[in-house]
Every structure is written in structure tokens, then in C-alpha cells.
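Take a look at the letters that make up each chain.
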Amino acid sequence: MNVLILGNGGREHAFAWKISQSPKCSQLFIAPGNAGTKLHGENVPIDPLHFNQVKDFCLEKKINIVIVGPEAPLVAGITDYFRNEKELRNIHIVGPAQEGATLEGSKAFAKEFMAEFNVPTAAYGEFTAETKDEGIEFIKKQTPPIVLKADGLAGGKGVLIIDNHQDATIAFGEMLDGQFGKASSTIVIEDFLDGIEFSVFVLTDGKDFKVLPIAKDYKRIGERDTGLNTGGMGAVSPVPFITDAFYQKVIKKVVEPTVRGLEARAMDYKGFVFIGMIKVGEEPFVIEYNVRMGDPETEVVLPRIKSDLLQTFIDLSEGKLNNANIDIKEEAASTIMLVSGGYPENYEKGKTITGHLGIEDSIVFHAGTTEKEGKTLTNGGRVMAITSLAESKEEALEISKRNAEKIKFDGKYFRRDIGFDL
Ligand code: AMP
Ligand code: GLY
């Protein structure tokens, strides 16, 4: 099988690392990739949003399977594009068509879907400029904190949680006035859910499904979950508060109805559903759907999978997901993200990274890196995820911390408390 992975982050490095271990993998390409993906395949300078370039490359290299890492190409319809182009029809794509991708691309669409299929989620209202006055009335009736969500993709910044009515009303007006561009022309206002969050990853063909290891990520820049939100500063898997009984609840109340919904709507959905959830008391609620894997969760989920993931993707494409065998390691995984000084606000790129090559007891997944004249340079806010496996998440974290110290670049920062609340 010739495989093309689209994307350039830590998640895509983890996919490249895992897929390259499969005996079924002949040639592996990553577009555009980073300095880490190059260790497992060939990077190709193609923007995943330029579908015609992706097409030409797939035909030239006789690609059999395309794994779409980020959401943007899915929301933009890359799967539909492949289905509609005669020469591309035999190429398998891991990732849903546009209608399915709307579960991530529109929060209002996702809320309507959850309501229809009885998936537990916060009660909500949906408003636009035409219904602004109703939105203001709705806010008055909410008990703070008040949760305002831009409907569309806003680079992870479109959710505001505000602790009084007055500020929430002002923020609501600003969002409708285009604070997040078109993404906030529709706004979802919902009840605040008080609990602990976790991430569930489901691989589905729109009918059957397999659940991957559950993980928890840490989004705030500061230790003990303080400061600004980031793309993710670390993750652990498994998550100790997911007991067997609670896991069964998640499957029955959330995963099964979600997949039944995809089937009932006859969605062309062969890919991941990443369900962002929150445990409130003993009950699971959905915060959001994503139509891709999480980052940095992928960096702890894939290292815990023993079996051949490429074979699982082949089974998925051939409608044999039920026969797929996903073996999970008992060990715990922890990952720590090394980030550039200043992130998630302004930061510099192009800093030389040293010390990452000799590390043997962790897996160093590159996120924002590039290579120039034989040197590895920082190329983003999130630079590298250091993943370790051990009997406990604490031991795994200690190994990751020790190796995080050994890797050096100007301005390096990382959290030392990943998993602190578990
Ligand atoms: P989202 O982009 O929907 O994942 O929201 C970003 C973050 O906002 C989530 O990870 C939660 O921490 C928080 N959040 C979103 N919706 C709610 C809610 N209804 N109640 C409490 N926290 C929420
Ligand atoms: N780690 C959360 C995300 O990938 O959206």
C-alpha cells in the first residue's frame, strides 16, 4: 500500500511513525509534513487544501490510501472531491465527506444532530443577527457562567465562557458583529457544564465502530490549568476516572447513538469521530464533535495501540471494520508538549533545536519543526511532544520530563504537571 498523510503537526508525525511500522506499508508520503515525519517517509511540499495538487500527486505515486490529519481539508470537502473524480474513486480516504465534517464545522449542526439522536449535551439556543434580541433575552435567563460559541471554525478560539450577564451580552454583540468573521454569524449559547473533560476517539464507517484508547488533554498554558488556552500542552492515556461502568455508559449513551445518527442520515463517513466529553457527576455529556484525531491526544493514543493501524484502515475502507482487531497495550502513556516562548501569543520561529536525537526511552514527536542545512529548527508554537510509556502515568511523565530537559532551544517552555488532576 502506498500511503499519503495530510498535515504537518504532532498528530501527523504520530500517524507516520505508526503507519511506517506496518508490513503493509510500501511507500509513505506526508504533505507537507515536518522535520519528524521525514524520519518515516518522504515529505512533499503540497498544501492539503489544494485538492488538484493532492490529486496529481496521488495519481503520480499510485497512492492507495489518504489519511487526512486536520479538519480543514475535510470541512472543505476533500473526501467528496475524491469520490467525484473518476480517477480517484479507488483511493481510500480516512476522513468523512463534507456533510459529516459539518459535525465539527458547525456547532449548531452538531447540536441539532445531538438533539435528534438523544446524545446528552448542554441545553442550548441558536441565534443570528436577525434573532439578536431573542439571544439577549436568552442570555438573561442563563445562570452564569455563560457559554457563547461561534458556530463555525475559529481556530479553537471561538468559545467564550463569561461570568456575568452584562459582559456576556456585550460579547454576544461583538461576536455577531464579526469578531470571528463568518464563523460567528451564528452563535450557540449553552448551559455551563461543571465536570472533568476527556476525549473519546471512535473509528467508524458510518455503521460499525471501534473505540480507541481514551485520553485527556491539558489545554491551558500554565500549570494547574491556568492562563490562556492553547492547542494542547500534554495528554495522558488511559484516564483513571473512566471506570468500566462509566465506559459502558459512554458507549451506550453517546457512541452508539452518534453512530446510529450517522447511519440514519446515510452519511458518507469513514473516519474518526473525536468526541470531546465532560463527566458531570456520573453522567457523560458531549461538549463537541471533531471529525479527526486530537492533538496531542494522538501522541498518547497511537503508542498504546499494539496492532497494525494500516490494516485497520484497510478494514475500514473495505467495510470490514467489525473484523478489525485493535489491541491495546496495558501501559500508560504521557506526553509533554515543548512550546516556543510566548506561545499561545506572539513567539519567534527558526530557533535551533538540539538534544532530540539521542533520546531512546521516549518517542519524540515533532509538531512545529522544519529542517534547514542539516539543522532542526522550531517552526511553530507547539514544537515537539515527548511521549513515554510506563506502568503508571506518573512514571511515564517522569521519563518525559527528564527527556524534555535534554532537548534545548531558545525560549523552550513546558508544563511539568500533565495529569495532575487525575
Ligand atoms: P469547544 O471548542 O467546544 O471544545 O470548547 C472549548 C472548551 O470550552 C472546552 O474544551 C471546554 O473546556 C469549554 N466548554 C465548552 N462548552 C462548555 C460547556 N457547555 N460547559 C463548560 N465548559 C465548556
Ligand atoms: N486536543 C484537542 C484537539 O485536538 O482539538
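Cut-offs used in this document
- Residues numbered from 1 in each chain as written.
- Chains lettered and ligands numbered in written order.
- Predicted model: local features only at pLDDT ≥ 70, side-chain atom pairs only at ≥ 80, totals over all residues.
- Heavy atoms only, no water.
- Near = heavy atom within 4 Å.
- Polar contact = N/O pair within 3.5 Å; in protein donor to acceptor, adjacent residues only side chain to side chain.
- Areas by Shrake-Rupley, 256 points an atom, 1.4 Å probe, with all protein chains shown as cover.
- Nonpolar A, V, L, I, M, F, W, Y, C, P; charged D, E, K, R; others polar.
- Buried < 20%, exposed > 50% of the residue type's maximum accessible area, 1.4 Å probe, protein only.
- Helix = DSSP H or I, 4+ residues; strand = E, 2+ residues; numbered from the N terminus.
- Pairing = 2+ DSSP bridges.
- Salt bridge = Lys/Arg side-chain N within 4 Å of Asp/Glu carboxyl O.
- Axes fitted to C-alpha atoms, helices over the stretch in contact; angles between N-to-C directions.
- Parallel < 35°, antiparallel > 145°, perpendicular 65-115°, else oblique.
- Contact = heavy atoms within 4.5 Å.

J.: What is the right way to read the site of ligand 2 from this model?
T.: In the vicinity of ligand 2, the residues found are Asp217, Gly231, Phe274, Arg292, Gly294, Asp295, Pro296 and Glu297. Between ligand 2 and arginine 292 there is a distance of 2.9 Å, counted from an oxygen atom to a side-chain nitrogen or oxygen. Between glutamate 297 and ligand 2, the recorded distance is 2.7 Å, taken from a side-chain N or O atom to a nitrogen atom. For ligand 2, whose free accessible area comes to 200 Å², the fraction covered by protein is 88%. Each residue belonging to the shell around ligand 2 can be placed in one class, and the counts come to two nonpolar, two polar and four charged.

J.: Got a minute to help me understand the pairing of strand E4 (residues 65-68) in this structure?
T.: Side-chain direction in a regular strand flips from residue to residue, so the side chains alternate between the two faces of the sheet. Every second residue of E4 is oriented toward a common face, with Ile65 and Ile67 on one face and Val66 and Val68 on the other, all of them buried. In this structure, strand E1 (residues 2-7) lies alongside E4, joined through four bridges in parallel fashion. Bridging from a neighbouring strand, leucine 4 pairs with valine 66 of E4. One ladder, built from three bridges, connects E4 with strand E5 (residues 92-94); its direction is parallel. Across the sheet, residue isoleucine 65 finds its bridge partner in E5, namely histidine 92.

J.: What should I look at first to understand the site of ligand 1 in this one?
T.: Residues in contact with ligand 1 amount to 13 residues; listed here are only the nearest, Glu190, Asp191, Leu193, Glu197 and Glu288. Lysine 107 places a side-chain nitrogen or oxygen 3.3 Å from an oxygen atom of ligand 1. Contacts to ligand 1 include lysine 149, whose side-chain N or O atom sits 3.0 Å from a nitrogen atom. Here ligand 1, which alone exposes 470 Å², has 86% of that area covered by the protein. Breaking the shell around ligand 1 down by element, the ones donating at least two residues are strand E7 (146-150), strand E8 (159-162) and strand E17 (283-290). The residue makeup of the shell around ligand 1, split by class, is six nonpolar, no polar and seven charged.

J.: Could you clarify how one ought to interpret the pattern of salt bridges in this entry?
T.: Close approach of charged atoms lets side chains of opposite charge pair. Using the criterion set out here, one finds 29 salt bridges in the structure. A cluster of three or more residues bridged by salt bridges with shared partners is formed by Lys55, Glu85 and Glu87.

J.: Sorry if this is basic, but what is going on with the packing of helix H5 (residues 98-105) against helix H6 (residues 107-116) here?
T.: Helix-helix packing is described using two parameters, namely the angle between the two axes and the distance between the axes. Two numbers describe how H5 lies on H6: the axes approach to 6 Å, and their chain directions differ by 100°. Between H5 and H6, the interaxial angle falls into the category roughly perpendicular. Counting all contacts with H5, which are made through Glu99, Thr102, Leu103 and Gly105, the residues of H6 involved are Lys107, Phe109, Ala110 and Phe113. The residue makeup of the contact of H5 with H6, split by class, is four nonpolar, two polar and two charged.

J.: It is not clear to me how the sheet that holds strand E21 (residues 369-372) should be interpreted in this structure. Could you clarify?
T.: Strand order in the open sheet formed by three strands is E19-E22-E21, with antiparallel pairing between adjacent strands. Since the sheet does not close on itself, it has two edges, and those belong to strand E19 (352-353) and E21, each with one partner. Of the strand pairs in this sheet, E19 and strand E22 (residues 375-378) are connected by two bridges, and their pairing is antiparallel. Opposite threonine 352, over in E22, you have leucine 377 as the bridge partner.

J.: Hey, could you run me through the environment of leucine 228 in this one?
T.: You can see leucine 228 is positioned in strand E14 (residues 226-229). Along the primary structure leucine 228 and glutamate 137 are separated by 91 residues, whereas in three dimensions their C-alpha atoms are 30 Å apart. Ignoring anything within four residues of it in the chain, the contact list for leucine 228 reads Lys219, Arg220, Ile221, Pro344 and Glu345.

By themselves, these are just geometric observations and shouldn't be taken as functional.
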